[in-house]
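If you want the building blocks of each chain, they are given just below.
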Amino acid sequence: MLISRSQRFIYNCFQCIDHIFGRPIGFKMTKGLRRKFYHGLEKKAQDLPDGNFKQVDRVTDLSLDEFYDRYVSKGKPVVFSGRAKNWDCVKDWSFEYFKNLHGDDKIILVDQHKMDLSHQSTTLDHIINDIEEGRENYYRFYPLLQRHPEHLSDFDVAWLRKHRKDNNRVESFQVFMGGKDSYTPLHNSCLSNLFVQTYGKKKWRLYSNKDIAVIDPDPARNIYRHAPIRKDNSSFNAFEENYEKPFHLYQKLEGLETTLEPGDILYNPPHYWHTVKNIGASIGVGYRWLPLQQNLIKWPWYTFFDLTVRKPNFFKTIKLLKQDVNLLHLAETGKLKQYLKDQKASE
């Protein structure tokens, strides 16, 4: 293992300073200590073999107790192979299906590849047309169930909520639609996620939060963290496996990977770093909830950071999460008020 427990503690102290004072000031305060810290990691890395990506466990028959004992309590991903294959969301959903039903829906398309999270207002029909024409558009966090609750019957909601196993009311369904080769950069959040692949194939690559010192994210503005942009105006792309500096330490990490097919459900634990790529045109749904007690036990530092975020604050973050995560990203960059003002003016 590249990063020891004591090294994780030191790095968490750096993150705490960055969280309180901001990263520019935090860097100035700890410049020499950080240089020494990463020099130690690089020296240790020279004696370690290269890491690789192992397959995420796949199960077909797993009791609720086994799921919690083997995966949830250990913060470990797992795929329920074909568990949703008979759900209506898998049998019926397609791009044409959504275009016919909800093509007029007004949506916010946020570019997560850019530091300023630039956005555009458009319609679902327009995005689907672009995807069908072969463009790499990727519409994330479509609040389908919030706008059209009749689609709740397309899922086995009882199964999903049973695997949540608590009375937490912070839950949300978010649909992801992407064209061939579109992808989302490396990120994580404090939410648990049962991700249902409904159409096409999607490849995932994942890293444990124990590797966070290599990822070295900027302080969280809300409940999402992103790998920092470091080279050629981009963050590390795990699918390209380019380990030139400043991404050389990634080569020593042990990651996980899986490819989801229609009907597969991936459990992605809170704070687990992941990046996804659509092998072809793809539709999937994230069922998310906030396991606060679990997070406090397993990730106390980062739960403290999550509860004390400021762009926006935690309570507004949860409110926007339930409404539309894309609004949350606009709030993150200070663009939400202007967006809402423009929307009101256009009505």
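Please refer to the structure placed before this passage.
Predicted, not measured: the structure shown is a model, and the values here were computed from it.

What counts and what doesn't
- Residues numbered from 1 in each chain as written.
- Predicted model: local features only at pLDDT ≥ 70, side-chain atom pairs only at ≥ 80, totals over all residues.
- Heavy atoms only, no water.
- Helix = DSSP H or I, 4+ residues; strand = E, 2+ residues; numbered from the N terminus.
- Salt bridge = Lys/Arg side-chain N within 4 Å of Asp/Glu carboxyl O.
- Buried < 20%, exposed > 50% of the residue type's maximum accessible area, 1.4 Å probe, protein only.
- Axes fitted to C-alpha atoms, helices over the stretch in contact; angles between N-to-C directions.
- Parallel < 35°, antiparallel > 145°, perpendicular 65-115°, else oblique.
- Left-handed = near helix turned anticlockwise from the far one by under 90°.
- Contact = heavy atoms within 4.5 Å.
- Patch = residues over 30% accessible without salt bridge, like charges linked within 9 Å, V, L, I, M, F, W, Y side chains within 5 Å.
- Areas by Shrake-Rupley, 256 points an atom, 1.4 Å probe, with all protein chains shown as cover.
- Phe/Tyr/Trp six-rings, centres within 6.5 Å; stacked < 30°, edge-to-face > 60°.

### Brief notes about unusual backbone geometry
Move 1: Cis rather than trans, the peptide bond between Lys245 and Pro246 has omega equal to 10 degrees.
Move 2: Inspection of the secondary structure assignment puts Pro246 in the loop between strand 11 (224–226) and strand 12 (255–260).
Move 3: Note the cis peptide between Lys311 and Pro312, where omega equals -5 degrees.
Move 4: Along the chain, Pro312 turns up in the loop between helix 11 (300–307) and helix 12 (314–323).
Move 5: Of note, Glu241 is a non-glycine position whose phi angle comes to about 55 degrees, a positive value.
Move 6: Along the polypeptide, Glu241 turns up in the loop between strand 11 and strand 12.
Move 7: The phi angle at His271 is positive, at roughly 70 degrees, despite the residue not being glycine.
Move 8: When you line up the elements, His271 lands in the loop between strand 13 (265–268) and strand 14 (273–278).

### Observations concerning the pattern of salt bridges
Move 1: If you walk through the whole model with that rule in mind, you get 20 salt bridges.
Move 2: Of the charged contacts in the structure, one is a salt bridge between Arg58 and Asp264, with a shortest N-O distance of 3.2 Å. Here the residue Arg58 occupies a position in strand 2 (residues 58–59), and Asp264 occupies one in the loop between strand 12 and strand 13, the gap between them amounting to 206 residues.
Move 3: Classification of Asp264 by relative accessible area gives buried; the value is 6%.

### Observations regarding the environment of Lys162
Move 1: Within the secondary structure, Lys162 is located in helix 8 (residues 157–164).
Move 2: Residue Lys162 is classed as partly exposed on the basis of its relative accessible area, which comes to 46%.

### Thoughts on the packing of helix 1 (residues 5–21) against helix 2 (residues 23–45)
Relative placement of two packed helices is described by the angle separating their axes and the distance separating the axes.
Move 1: At a minimum axis separation of 10 Å, helix 1 and helix 2 run at an interaxial angle of 160 degrees. For the element pair helix 1 / helix 2, the angle class is roughly antiparallel. Where helix 1 crosses over helix 2, the two elements pack in a sense that is left-handed. The segment helix 1 lies against helix 2, with Gln7, Ile10, Tyr11, Phe14, Gln15, Ile17, Asp18 and Phe21 engaging Arg23, Ile25, Gly26, Phe27, Met29, Thr30, Leu33, Arg34, Phe37, Tyr38, Leu41 and Lys44.

### Describing a nonpolar patch on the surface
Move 1: Together, Ile20, Phe21, Ile25 and Met29 make up an exposed nonpolar region whose accessible area comes to about 400 Å².
Move 2: At the level of secondary structure, the elements contributing two or more residues to the nonpolar patch comprise helix 1 and helix 2.
Move 3: With respect to the helices, strands and loops of the structure, Phe21 is situated in helix 1.
Move 4: For Phe21, a relative accessible area of 44% translates into the label partly exposed.

### With respect to the packing of aromatic side chains
Move 1: Counting across every chain of the model gives 33 aromatic pairs.
Move 2: Plain terms: the ring middles of Phe53 and Tyr207 are 5.7 Å apart, the flat faces sit at 55 degrees to each other, and that makes the pair tilted. With Phe53 in strand 1 (residues 53–55) and Tyr207 in strand 10 (residues 202–207), this pair connects stretches of sequence that are 154 residues apart.
Move 3: With a centroid separation of 6.5 Å and an interplanar angle of 70 degrees, the aromatic rings of Trp87 and Phe155 are classed as edge-to-face. In this pair, Trp87 is assigned in the loop between strand 3 (78–80) and helix 4 (88–92) and Phe155 in the loop between helix 7 (144–147) and helix 8, connecting sequence segments 68 residues apart. Taken as a pair, Trp87 and Phe155 share a single burial class, namely buried.

Function cannot be read off these values alone, since they describe shape.
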